[in-house]
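Listed here are the chains, written in short residue letters.
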Amino acid sequence: MMYLSHSEKETEQLGERLGQALSPGTVVAYTGGLGMGKTAFTRGLARGLGCTERVTSPTFTLVNEYPGRIPLFHFDVYRLSSSDALYDIGWDDYLDRGGVCAVEWSENITDALPADTVYVRLRRSPTHENWREIDVEGAHAL
Ligand SMILES: Nc1ncnc2c1ncn2[C@@H]1O[C@H](COP(=O)(O)OP(=O)(O)OP(=O)(O)O)[C@@H](O)[C@H]1O
Ligand SMILES: [Mg+2]
């Protein structure tokens, strides 16, 4: 399903609705370049999962963990060129821990994504600098 976001706040709200709809163990795989709103979407996702801690970008840490109704494991694999390092930090364990794994720059680790992954593809609207077309695939309509 395609959604149009007119602001950072709307992107967060869409993420929140997805978070409310997800089951434990789901992987959310983002694609979309720098500054497209993956971290903004994840802030909303965290709220929807009942995670109350402030979400910050895991660019340098690879993964941040947030406790909640459903825990959130927020990955940013921008710096990885393959999924090897992801498995090294325990990807299989994260998949088994009953949380939601949200992965920025998932195009770098496509072979590690399960068959039932929810894909969130963000791109800039061709007409407006601050609008984003957000394609959510693999989840029920939000
Ligand atoms: N409709 C919109 N949705 C989301 N962000 C928007 C929107 N319009 C403008 N922005 C701006 O775009 C930026 C998005 O930043 P964010 O960190 O969420 O992107 P990102 O995809 O995680 O980038 P990176 O690849 O660097 O991690 C913010 O500065 C935000 O204010
Ligand atoms: Mg980010």
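Everything quoted here is computed from the prediction, not taken from an experiment. (Residues numbered from 1 in each chain as written. Chains lettered and ligands numbered in written order. Predicted model: local features only at pLDDT ≥ 70, side-chain atom pairs only at ≥ 80, totals over all residues. Heavy atoms only, no water.)

1. Re the overall build of the protein chain
- Each helix and strand in the protein chain was counted, giving 4 helices and 7 strands.
- Against the globule reference of 14 Å for 142 residues, the protein chain gives a C-alpha radius of gyration of 14 Å, in line with a compact fold.
- Overall, the C-alpha framework of the protein chain stretches about 40 × 30 × 30 Å when taken along its three principal axes.
- Taking all 142 residues of the protein chain together, 49% fall into the buried category.
- Sequence-distant contacts in the protein chain: of pairs separated by 6 or more residues, those separated by 24 or more amount to 62%.
- Counting only carbon and sulfur atoms, one obtains 49% of the accessible surface of the protein chain, whose full area is about 7,100 Å².
- Here the protein chain carries 13 positive and 20 negative side-chain charges, and the mean point of each set is 8 Å from the other. (Helix = DSSP H or I, 4+ residues; strand = E, 2+ residues; numbered from the N terminus. Rg over C-alpha atoms; globule rule 2.2 N^0.38 Å. Buried < 20%, exposed > 50% of the residue type's maximum accessible area, 1.4 Å probe, protein only. Contact = heavy atoms within 4.5 Å. Areas by Shrake-Rupley, 256 points an atom, 1.4 Å probe, with all protein chains shown as cover. Lys, Arg positive; Asp, Glu negative; His and termini not counted. Charge placed at Lys NZ, Arg CZ, Asp CG, Glu CD.)

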